[in-house]
Amino acid sequence: MTLVLTHSEITGLIDRGEVRKAVEKAHADLAAGRFQNPAPRALTLPDGGAAIPMIATGDGAVTVKLLCDLPANRARGLPTQRSTIAMTSAITGECLAILDGRAVTAVRTAAASAVATDHLARGSASVLGLVGAGNLAIEHARAIAQVRDISRIVVWSRRAATVDAFRVAVEDLSIPVESVPDAAAVVGAADIVCTLTPAREPVVRGSWLRAGQHVNAVGAPPRPDHREVDSHGMARARIVVDSFPTVMAKSGGVLLAIAEGAITEDDARTELGQVILGSADGRTGDDDVTLFESVGVGLQDLATAALVLARATEHGVGTVIDFGA
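Since the model is a prediction, treat every value here as computed from it, not as a measurement.

Student: Would you take a moment to explain the overall build of the chain for this structure?
Tutor: Within the chain, the secondary structure is distributed over 12 helices and 14 strands. Relative to the compact-globule value of 20 Å for 325 residues, the chain shows a C-alpha radius of gyration of 19 Å, a close match. Oriented by its inertia axes, the alpha-carbon framework of the chain measures out at about 60 × 40 × 40 Å. Counting the 325 residues in the chain, one finds 53% classified as buried. Considering only contacts in the chain between residues 6 or more positions apart, those separated by 24 or more positions represent 72%. Accessible area for the chain stands at about 13,600 Å²; split by element, carbon and sulfur atoms hold 51% of it. In the chain, 30 side chains carry a positive charge and 37 a negative one; their mean positions are 3 Å apart.

Now the structure itself:
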């Protein structure tokens, strides 16, 4: 029997704190060899689109998230990224669940940034800076407030209305929100910087970074010609990635910095799971600039989908389909 879960059902089931812990464990399990997360290969679609099958296995399950990155959807008034997750038993091969990918992707992405922030940012970091103010910014504010005592959020977006909507959405956090005129002002004020834009050209310059900062580079599409942080910024930072093979397949931030001679492949080999386990260094001193290059990996979807499936089963949520009937 297969459980089908819609976006609205999933949003009512997700516990962000549980997701963060599950994502942390999944990255540690990857580093320990208990999860498999091969680098995906993009398939070319019409109008500059790409389909990316994100596969992972661990804890007795296999997930495949089909992510479609569709730039032409912007002109259609539709989301530029859409995804669906299929979860299968690694023991019996039964399809356990099919989930809409929207909420899972947003929450697990922010959870990964929170895990990276917890392990890489200074303990005293208290000002959160957001370059971009959309749904990912909302999720990042919620997730990072769970791992650091955030006293102020500094945010910039090209659209004032987006900042206004962000301010309303995070009112319950009771953290002051300050709108600033540009991305440089965000970086200038923040201890923790999250870049959350679908940028092709850099929105953060290395010359803006200050000693001790932590950066989560999150928003650029999974394409080797898109990036949010310039090569100087990558060279200034101690880089930690979610998955080295995946980064080398689809992270413009890393690939363009290598092509420009600013960094080498070895500079991007440290994975978050290794830092969690203590088998590789992350921050080594208060003056380090640390940067988490987040391209998104299937193991995060697997860990989050497993939690959602368990809660849906417990509460009787979703539609059960017998594919074998």
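Student: Explain the sheet that holds strand 3 (residues 50-58) to me, please; I cannot follow it from the model alone.
Tutor: Where strands meet in a sheet, backbone hydrogen bonds hold them as pairs that are either parallel or antiparallel. Strand order in this open sheet of 7 strands is 2-3-4-5-6-1-14, and the pairing throughout is mixed. Only two strands of the sheet have a single neighbouring strand rather than two, namely strand 2 (43-44) and strand 14 (319-321). The pairing of strand 2 with strand 3 spans 2 bridges and is antiparallel. Residue L43 lies in a different strand from strand 3, and its bridge partner there is A51. Of the strands in this sheet, strand 1 (2-5), strand 3, strand 4 (61-69), strand 5 (81-89) and strand 6 (95-100) touch helix 12 (residues 298-315), which is tilted by about 70° from strand 3.

The rules behind these values
Residues numbered from 1 in each chain as written. Predicted model: local features only at pLDDT ≥ 70, side-chain atom pairs only at ≥ 80, totals over all residues. Heavy atoms only, no water. Helix = DSSP H or I, 4+ residues; strand = E, 2+ residues; numbered from the N terminus. Rg over C-alpha atoms; globule rule 2.2 N^0.38 Å. Buried < 20%, exposed > 50% of the residue type's maximum accessible area, 1.4 Å probe, protein only. Contact = heavy atoms within 4.5 Å. Areas by Shrake-Rupley, 256 points an atom, 1.4 Å probe, with all protein chains shown as cover. Lys, Arg positive; Asp, Glu negative; His and termini not counted. Charge placed at Lys NZ, Arg CZ, Asp CG, Glu CD. Pairing = 2+ DSSP bridges. Axes fitted to C-alpha atoms, helices over the stretch in contact; angles between N-to-C directions.

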